[in-house]
Amino acid sequence: MAEQPTEKFWKMVEDFDACMVTTRDGGKLRSRPMAPRVSRERSEILFITDRNSHKVDEVDADSQVACTFTSKNEYVAVSGTATVTQDRARIDEIWDAAAEAWMPQGKDSPDVAVLVIHPSQAEIWDVTSNKLTQAYEFAKAYLGDKPRPDTTENVKVSL
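Being a predicted model, the structure only gives us computed values, none of them experimental.

K.L.:
Any chance you could explain the overall build of the protein chain here in plain terms?
P.N.:
Tallying secondary structure elements over the protein chain gives five helices and eight strands in all. Taken from N to C terminus, the helices and strands of the protein chain fall in the order α-β-β-β-β-α-β-β-α-α-β-α-β. Counting the 159 residues in the protein chain, one finds 38% classified as buried. Put simply, 67% of the contacts in the protein chain that link residues at least 6 apart link residues at least 24 apart.

Structural data, given as structure tokens:
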């Protein structure tokens, strides 16, 4: 039986060390790299942040966000809403050495917060073929035997 799209989504995002988080700053979009932590139990993507950062102000003004995850052969685009919490249990849950590097004042600082993304939909692309198969598929498409190369699994996921 093939893996369910929702399960595949959560497995994929758990493997990423970083993603681009996009918020709306007035009429403009702003993206920045952040280190995700995943809570499958609550269907959330979490990030340690400074409560005084621009992204917190942007989320307060417009909770719609996007996250983009990329690696050599996997790509995930996520749309959802965001909230910010300073719940100490949530901070403890995802605090690690990487968070300490970005927040050297420590997890007990009053400026530490968690950006919580509640995904509503995602699209995943998983390059499933090896390099030889990819070259063959690109050649067939280039020569007109196919409308496009068949090298990637692509699926939209409602979350």
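K.L.:
Would you mind showing me how to read helix α2 (residues 54-61) here?
P.N.:
In an α-helix, one turn spans 3.6 residues; hence positions three or four apart end up facing the same way. Three or more residues of α2 are buried, namely Lys55, Val56, Glu58 and Val59. Down the axis of α2, the sector holding all buried residues measures 160°, keeping them to one side. Of the exposed residues in α2, the ones pointing more than 90 degrees away from its buried face are His54, Asp60 and Ala61.

K.L.:
Honestly, the pairing of strand β4 (residues 44-50) in this entry has me stumped. Any pointers?
P.N.:
Sheet faces and side chains relate simply in a regular strand, where the side chains alternate between the two faces. Taken across its seven residues, β4 has six buried, putting it largely inside the fold. Taken together, the three bridges between strand β3 (residues 37-39) and β4 define a ladder with antiparallel strand orientation. Bridge pairing in β4 links Val38 to Ile45.

K.L.:
Would you mind showing me how to read the pattern of salt bridges here?
P.N.:
Proximity of charged atoms lets side chains of opposite charge pair with each other. In the structure shown here, the tally under the stated rule is 12 salt bridges. Put simply, Arg30 and Glu58 hold a salt bridge, and the shortest N to O gap is 2.6 Å. Of this pair, Arg30 sits in strand β2 (residues 28-34) while Glu58 sits in helix α2, placing them 28 residues apart in sequence. For Glu58, a relative accessible area of 5% translates into the label buried. A salt bridge links Arg90 to Glu93; its shortest N-O distance comes to 3.7 Å.

K.L.:
I would appreciate a short explanation of the confidence of the model for the protein chain in the present structure.
P.N.:
Keep in mind that low pLDDT regions are not for reading the predicted coordinates in detail. The predicted model of the protein chain averages 86 in pLDDT, with 82% of residues at 70 or higher. In the model, residues 129-141 has pLDDT below 50 throughout and makes 15 contacts with residues more than four positions away in sequence or in other chains.

K.L.:
Help me out: how do you make sense of the side chain of Glu123 in this one?
P.N.:
Inspection of the secondary structure assignment puts Glu123 in strand β7 (residues 112-127). Apart from residues lying up to four places away in sequence, Glu123 is in contact with Tyr75, Val76, Ala77, Asn154, Val155 and Lys156.

K.L.:
Sorry, what's going on with the side chain of Ser39 here?
P.N.:
Following the sequence through the fold, Ser39 ends up in strand β3. In this structure Ser39 comes out as buried when scored by relative accessible area, which is 0%. Within the structure, Ser39 has its side chain in polar contact with the backbone nitrogen of Arg42 (distance 3.4 Å).

K.L.:
Sorry if this is basic, but what is going on with the nonpolar core here?
P.N.:
Among soluble globular proteins, nonpolar side chains are generally buried collectively. The biggest cluster of nonpolar side chains holds 22 residues, and the ones touching the most others in it are Phe9, Phe47, Phe69 and Val76. Among the secondary structure elements, those contributing two or more residues to this core are α1 (5-14), β1 (19-25), β4, β5 (64-70), β6 (74-85) and β7. Not counting the four nearest positions on each side in its chain, Phe47 is found in contact with Cys19, Val21, Met34, Ala35, Pro36, Cys67, Ile94, Ala113, Val114, Leu115 and Ile117. Counting residues in hydrophobic clusters, the runner-up holds 10 residues, among them Ile91, Trp95, Ala99 and Val114.

K.L.:
Quick question: what am I supposed to make of the packing of aromatic side chains here?
P.N.:
The geometry of an aromatic ring pair is captured by the separation of the ring centres together with the interplanar angle, meaning the angle of the planes. Enumeration according to the criterion identifies two aromatic pairs in this entry. Aromatic pair Phe9 and Trp10: ring centres 4.8 Å apart, planes at 70°, arrangement edge-to-face. Phe9 sits in the buried class, given a relative accessible area of 0%. Where Phe16 meets Phe69, the ring centres are 5.2 Å apart and the plane angle is 55°; that geometry is what we call tilted. Residue Phe16 is located in the loop between α1 and β1, and its partner Phe69 is located in strand β5; the two are separated by 53 residues in the primary sequence. Phe16 gets classed as buried once you look at its relative accessible area, which sits at 8%.

What counts and what doesn't
- Residues numbered from 1 in each chain as written.
- Predicted model: local features only at pLDDT ≥ 70, side-chain atom pairs only at ≥ 80, totals over all residues.
- Heavy atoms only, no water.
- Helix = DSSP H or I, 4+ residues; strand = E, 2+ residues; numbered from the N terminus.
- Buried < 20%, exposed > 50% of the residue type's maximum accessible area, 1.4 Å probe, protein only.
- Contact = heavy atoms within 4.5 Å.
- Arc of directions from axis to C-beta.
- Pairing = 2+ DSSP bridges.
- Salt bridge = Lys/Arg side-chain N within 4 Å of Asp/Glu carboxyl O.
- pLDDT = per-residue confidence, 0-100.
- Polar contact = N/O pair within 3.5 Å; in protein donor to acceptor, adjacent residues only side chain to side chain.
- Core = buried A, V, L, I, M, F, W, Y, C linked by side-chain atoms within 4.5 Å.
- Phe/Tyr/Trp six-rings, centres within 6.5 Å; stacked < 30°, edge-to-face > 60°.

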